[in-house]
Amino acid sequence: MKYDRIDSKLFIKNRKNFMQKMKPKSLAVFNSNDVYPIGADSTMPFQQNRDIFYLSGVDQEESILVLFPDAPEEKHREILFLTETNEHIAVWEGAKLTKEDALEVSGIKTVYWMKDFEKIFFEVMTQCDTVYFNTNEHYRANHATETRDDRFIKWCKEKYPAHQVAKANPILQRLRSVKDPIELDLMQKACDITEKAFRRTLKFVKPGVWEYEIEAEYYHEMIRNRSRGFAYTPIIASGNNANVLHYIENRHQCKDGDLILLDTGAEYANYSSDLSRTIPVSGRYSDRQKQVYNSVNKVKKEATKMLVPGTMWKEYHVEVGKMMTSELLELGLLDKADVQNEDPDWPAYKKYFMHGTSHHIGLDTHDYGILTEPMQANQVFTVEPGIYLPDEGFGIRLEDDVVIQEKGEPFNLMRNIPIEIEEIEDIMNS
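None of these values were measured; they are calculated from a predicted model. (Residues numbered from 1 in each chain as written. Predicted model: local features only at pLDDT ≥ 70, side-chain atom pairs only at ≥ 80, totals over all residues. Heavy atoms only, no water.)

S.K.: Could you clarify how one ought to interpret unusual backbone geometry in this entry?
M.R.: You will see that Lys25, though not glycine, has its phi angle at about 55°, which is positive. Here Lys25 shows up in the loop between α1 (9–20) and β1 (26–31). Exposure remark for Lys25: the relative accessible area of 40% places this residue in the partly exposed category. (Helix = DSSP H or I, 4+ residues; strand = E, 2+ residues; numbered from the N terminus. Buried < 20%, exposed > 50% of the residue type's maximum accessible area, 1.4 Å probe, protein only.)

Structure follows, in structure tokens:
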């Protein structure tokens, strides 16, 4: 891996917290992701299942973690199963984790090779009553592909039909949403890499460049700073492309007078950053662009102040909608009649700002977190209002990642990334 090794005390703590939430005489099983094929002998670059990574730090394929806090034998309270490395694998693919490496990475003392899984698993299953399965219950989840966890659940239910089953996901949703200081440091690193890439881009952009060239500048800077690259598919949307919320083609030329909406964040050690900025191709905003930009920035600043412990996600978005409505009235995009006659289920402001303002971020860009529960200290949220004007040929979105504090306003992990009009113009024209 490109990133520096993470202190295993993070994963030791994460496992301890998870096991404290488990039922008596239960075990939990977590599988790595598959290596997904493309065609012929080609595969997609491997990315680890975030749950097994969160609990073990193991960042390699064909791995299984078993947690069994009430195991009669102490050595079976935490077990890792890994594919046995050998000289052939080392020559062709690079060395995989040895048992000693796995202990250093995870803090788990009991490591078996995968060939022993069924034998050891049978032993521990005879000693437990309940098995926790790992399912993806994120509110945005929509996957057609069967995962290793999915296949394991089918196999386990068939082989051990008399066991009770439980869900690991509600425990993980709560645990993963509140970040440890080590995690916050990793997220800060991801944001710092994003800052370097954005500043590089400000110096690069000029009329005539292509969106994909900007993407390449970002990628170059991310890779040279030990990131794997983008935390999500980047949006480099010039002109009216910004009004397509998930525009990812990045194939058009940037014209003088246009704005470019950049939704681009680096990952580091599997942790995400998520940045949005909107910059002028020419290095100068027009008066109208400044008007709209300042309105978006104002809403962003006011919305950020609301991210404090106890805030409810749904109520927060209602209040942000009121802020945006006020700005749209000032800009002449709405009038009082629009607001008075609005549909409560689709308020008038949604014509110009149709997406949510904030989401959890962490190991996933849209991270785990239960939206019906109050916000807590050390949860990390994006703040990303926008105004989209297809009739005027531009859209503006501004976004930072912030950490909720015990008291006061959130801490902005992107506080050093230029956002004010004057600073962006100065850098672009220096």
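S.K.: Mind showing me how you'd approach the pattern of salt bridges here?
M.R.: In a structure, side chains of opposite charge can pair up when their charged atoms sit close to one another. The full count for this structure, using the stated rule, is 30 salt bridges. Across the salt bridge formed by Asp34 and Arg148, the nearest N and O atoms sit 3.4 Å from each other. Residue Asp34 is located in the loop between β1 and β2 (37–39), and its partner Arg148 is located in helix α6 (residues 148–159); the two are separated by 114 residues in the primary sequence. With respect to class, Asp34 is no different from Arg148; both count as buried. Across the salt bridge formed by Glu61 and Lys96, the nearest N and O atoms sit 2.8 Å from each other. Residue Glu61 is found in the loop between α2 (50–56) and β4 (63–67), and its partner Lys96 is found in the loop between α3 (87–92) and α4 (99–106); the two are separated by 35 residues along the sequence. (Salt bridge = Lys/Arg side-chain N within 4 Å of Asp/Glu carboxyl O.)

S.K.: Honestly, the nonpolar core in this entry has me stumped. Any pointers?
M.R.: Burial of nonpolar side chains together is a common tendency in soluble globular proteins. Counting 99 residues, the largest nonpolar core has Phe18, Phe30, Ile279 and Ile387 as the members making the most contacts within it. Considering every element that reaches this core, the biggest residue donor is helix α8 (residues 181–204), with 10 residues. Apart from residues lying up to four places away in sequence, Ile387 is in contact with Val292, Ser295, Val296, Met324, Leu328, Leu331, Leu333, Tyr352, Gly395 and Ile396. One finds Tyr112, Val131, Phe152 and Cys156 within the second-largest nonpolar core, a separate group that totals 21 residues. (Core = buried A, V, L, I, M, F, W, Y, C linked by side-chain atoms within 4.5 Å. Contact = heavy atoms within 4.5 Å.)

S.K.: When you look at the domain arrangement of the protein in this model, what are you seeing that I'm missing?
M.R.: Interface size is commonly expressed as the accessible area that is lost once the parts come together. When the domains of the protein are assigned, the result is domain 1 (8–177) and domain 2 (181–429). Just the C-alpha atoms count here: the centres of domain 1 and domain 2 sit 35 Å apart. Taken together, the contact pairs 21 residues of domain 1 with 20 residues of domain 2. The junction of domain 1 with domain 2 conceals about 1900 Å² of combined surface from both sides, 52% of it contributed by carbon and sulfur atoms. In terms of surface lost to domain 2, no three residues of domain 1 exceed Arg50, Arg176 and Ser177, which account for 31% of the buried area on that side. Summed over the shared surface of domain 1 and domain 2, the result is three salt bridges. Inspection of the domain 1/domain 2 interface yields 13 residue pairs in polar contact (both at pLDDT 80 or more). (Domains from an automatic or database assignment. Buried area = accessible area lost by both parts, 1.4 Å probe. Polar contact = N/O pair within 3.5 Å; in protein donor to acceptor, adjacent residues only side chain to side chain.)

S.K.: Explain the packing of aromatic side chains to me, please; I cannot follow it from the model alone.
M.R.: In this description, an aromatic ring pair is defined by two values, namely the gap between the centres and the angle between the planes. Inspection of every chain in the model, using the stated rule, returns 20 aromatic pairs. Aromatic side chains Phe117 and Phe152 sit 6.3 Å apart centroid to centroid with 70° between the ring planes, which places their arrangement in the edge-to-face category. Within this pair, whereas Phe117 is found in helix α5 (residues 117–125), its partner Phe152 is found in helix α6, the two being separated by 35 residues in sequence. Aromatic pair Phe152 and Trp155: ring centres 5.7 Å apart, planes at 40°, arrangement tilted. Here Trp155 and Phe152 lie together in helix α6, a separation of three residues that amounts to about one turn. With a relative accessible area of 27%, Trp155 lands in the partly exposed category. An aromatic cluster is built from Phe81, Tyr112, Phe117, Phe121, Phe133, Phe152, Trp155 and Tyr160, whose rings are joined through pairwise contacts. Of note, Lys189 hangs over the ring of Tyr268, and the distance from its end group to the ring centre comes to 5.7 Å. (Phe/Tyr/Trp six-rings, centres within 6.5 Å; stacked < 30°, edge-to-face > 60°. Lys NZ or Arg CZ within 6 Å of the ring centre and 35° of its normal.)

S.K.: When you look at the environment of Ile361 in this model, what are you seeing that I'm missing?
M.R.: Relative to the helices and strands, Ile361 is located in the loop between α12 (336–340) and β14 (380–383). In the structure, Ile361 is positioned 18 residues away from Gln379 in sequence and 8.3 Å away in space, judged by C-alpha atoms. Ignoring sequence-local partners within four residues, the contact set of Ile361 consists of Lys179, Met187, Ser272, Ser273, Asp274, Asp367, Val380, Phe381, Thr382 and Asp401.

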